[in-house]
Amino acid sequence: MIFNILKDYIQNIFKENGYDIDIKIIKSNREDLCDYQCDDVFKISKLYHQNPIEVGEKIVEQINKKDDFKEYFDEVTFAKPGFINIKVSSKLINMIINKMMEDNHYGLKNDDPKTYFLDYGGPNVAKPLHVGHLRTAIIGEAVKRIISFAGHKTVCDVHLGDYGLQIGEVIYAILEDGLAIDDITLEYLDVTYPKMSKLCKENEEIMDKCARITKELQDGNEEYRKIWEKIKEVSVSDIKRMYNYLSVDFDLWEGESDAYKYIDDVTKILVDKNLLLDSQGAKVIDVQEENDTKEFPPLIYQKSNGAYLYGTTDMAAIYERVKLYHPDYILYVVDARQNLHFNQVFRACNKAGISTGISLEHLGYGTVNGSDGKPFKTRSGDTVKLDDLFNQVKEVFISTKESNKDMSSKDLDILVNAIIKFADLQNNREKDYIFDILKFSNVVGKTGPYILYTYLRINKILEQEKLDINHLNDDIVNDFDRKLRLKLLDLSTVIDSSCKERMPHYVAEYIYDICVLCNIFYQNNHVSTASLDIKQQWLLLLQFTNRMLKDLLNLLTIDIPSKM
């Protein structure tokens with residue numbers, strides 16, 4: 001909001017002087033000099049062939065002569081060779097905060113809402129969720145909530161891996177073990193999945209049998225289908241339990257199997273456009289483009305034995321999503337190592353005209369690593385199951401402070417979520433990061449517990465004092481007070497950037513910055529002993545700050561405990 005106000009004001013001055021350009025206001029990286037700055041004097045001097053110093057000094061002189069200068073600014077100066085430095089007035093800061101307070105959505109508006117379809121989660125049926133599933137769930141949910149908060153419509157799908165080779169492997173084991181359908185349990189699947197995966201890598205004959213079972217399941221084999229339905233029922237029940245613990249919600253619980261009914265439609269489009277090519281008995285789509293600097297492998301659409309692959313079902317799923325939901329964007333939150341696969345699928349869809357007018361995006365993410373810099377594992381080298389990770393984090397957090405042992409199970413679960421999620425979401429999603437449980441469980445530092453402790457600390461002040469006003473006056477008491485208020489004005493920019501770039505860490509960073517400034521404010525301003533007028537102003541400011549923190553934490557799917 002403040003950027004638009006300053007832009008409109010200063011751009012009018014430029015226009016009054018005959019300079020018709022679109023200017024930009026940016027946050028100053030020298031807070032000791034100014035709050036904001038405009039660097040477009042260089043652009044004007046180049047366009048109009050004038051001396052930048054003369055242009056800048058003239059513009060600043062005119063700004064300072066305006067009758068309403070004090071309504072907007074404390075100080076506007078020119079710094080050679082071409083920077084307009086802006087220090088805004090307390091009156092403007094408080095006017096904007098008052099408007100934000102009056103609106104349930106902080107004055108954020110979206111005049112051009114779009115529809116986003118998000119695909120995140122992607123767990124394989126018959127396999128327990130492990131730490132590798134963590135980032136797609138946490139990042140995907142945060143991206144969805146941020147996009148929705150920015151005023152767009154979202155539809156999200158877990159997209160289960162429920163029709164691939166792993167199903168054929170588990171069905172093979174069930175038949176070999178002579179297991180009745182009603183005896184298929186989660187415990188059985190937990191043991192059987194890794195056992196069969198290992199066996200198929202070692203025994204090509206068994207691998208071929210499992211592949212045949214998979215193909216026959218896809219072709220409608222009734223016996224296999226009944227077993228598959230039970231596997232899916234048992235597995236999905238546990239998957240939902242884990243996502244519920246993480247507060248990760250999906251509109252749709254579809255999978256590869258649901259896309260199968262659209263494969264014939266996609267195949268017809270590909271045949272009609274002569275896009276399916278024969279390659280050693282298989283059907284492939286050439287996705288090479290003219291500007292590629294090296295050979296780009298084709299998408300394998302159908303294997304020589306007639307079986308379909310992930311690329312096929314992903315194309316069918318895109319066809320389905322376009323047909324049913326008419327999205328402007330389809331976003332896939334999937335491991336960055338799948339980048340080639342999604343490039344192939346997106347290129348194939350674009351060639352076929354399936355995704356015309358739609359932006360297809362792969363939001364890749366890095367890995368969660370241990371202290372050794374390698375993917376997070378158990379001591380035995382196995383992938384950590386999510387249940388085990390949650391329990392491990394809970395144990396470490398309890399051990400950091402004696403009173404933590406007395407926390408309710410609900411509050412402990414909230415803290416575990418906060419530790420895991422803030423540790424993850426404070427990082428650029430594209431990067432790997434090291435998950436240090438002890439570090440991220442601390443109430444000091446850039447951690448979930450620190451954020452929640454700050455919120456509860458402010459809340460305690462608000463509970464002890466009575467607030468009687470709902471409007472800030474024009475004054476700001478000191479610099480600690482001013483810096484906190486200025487930070488609150490960054491909300492619209494943070495949400496806009498986070499939404500457009502699909503980067504939740506902008507929100508996490510902003511939350512942390514607010515908390516740091518809040519604690520500095522608290523340490524230097526004694527609310528309880530302040531004069532009545534100042535106390536009321538500060539209480540209102542803190543109430544608004546906590547309201548914003550709670551809403552922003554919700555975007556990261558982090559709740560507030562009752563106490564710490």
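Bear in mind the structure is a predicted one, so any value in this text is a computation, not a measurement. (Residues numbered from 1 in each chain as written. Predicted model: local features only at pLDDT ≥ 70, side-chain atom pairs only at ≥ 80, totals over all residues. Heavy atoms only, no water.)

> Would you mind showing me how to read the packing of helix α7 (residues 165–177) against helix α8 (residues 186–202) here?
Where α7 contacts α8, the axes come no closer than 9 Å and their chain directions differ by 105°. It follows that α7 is roughly perpendicular to α8 by the angle criterion. For the pair α7 and α8, contact is made by Q166, E169, V170, Y172, A173, I174 and D177 and by Y188, L189, T192, Y193, K195, M196, S197 and C200, respectively. Taken together, the residues of the contact of α7 with α8 break down into 9 nonpolar, 3 polar and 3 charged. (Axes fitted to C-alpha atoms, helices over the stretch in contact; angles between N-to-C directions. Helix = DSSP H or I, 4+ residues; strand = E, 2+ residues; numbered from the N terminus. Parallel < 35°, antiparallel > 145°, perpendicular 65-115°, else oblique. Contact = heavy atoms within 4.5 Å. Nonpolar A, V, L, I, M, F, W, Y, C, P; charged D, E, K, R; others polar.)

> Please clarify how the sheet that holds strand β6 (residues 153–157) should be interpreted in this entry.
Within a sheet, neighbouring strands are paired by backbone hydrogen bonds and run either parallel or antiparallel to one another. Read across the open sheet, the 4 strands follow the order β6-β5-β10-β11; overall the sheet is parallel. For this open sheet the edge positions go to β6 and β11 (359–365), each flanked by a neighbour on one side alone. Pairs of neighbouring strands in the sheet enclose a mean axial angle of 20°, with direction left out of account. Strand direction decides the pairing type here: strand β5 (residues 115–120) and β6, joined by 5 bridges, are parallel. Residue pairing for β6: Y116 is matched across the bridge by T154. Contacts from helix α13 (residues 310–325) reach β5, β6, β10 (329–335) and β11, with the element oriented near 145° to β10. Its contacts with the sheet place helix α14 (residues 339–352) against β10 and β11, and it is angled at close to 180° to β11. (Pairing = 2+ DSSP bridges.)

> Sorry if this is basic, but what is going on with the pairing of β5 here?
Along any regular strand, the residues point their side chains to alternate faces of the sheet. Along β5, 6 of the 6 residues are buried, which leaves the element largely enclosed by surrounding structure. Of the two faces of β5, the one holding T115, F117 and D119 and the one holding Y116, L118 and Y120 are both buried throughout. Read as a crossover between parallel neighbours, the route from β5 over helix α6 (residues 134–149) to β6 is right-handed. Relative to β10, β5 runs parallel, the two being bridged by 5 bridges. For F117, the partnering residue across the bridge sits in β10 and is I330. (Buried < 20%, exposed > 50% of the residue type's maximum accessible area, 1.4 Å probe, protein only. Right-handed = clockwise from strand over helix to strand, strands pointing away.)

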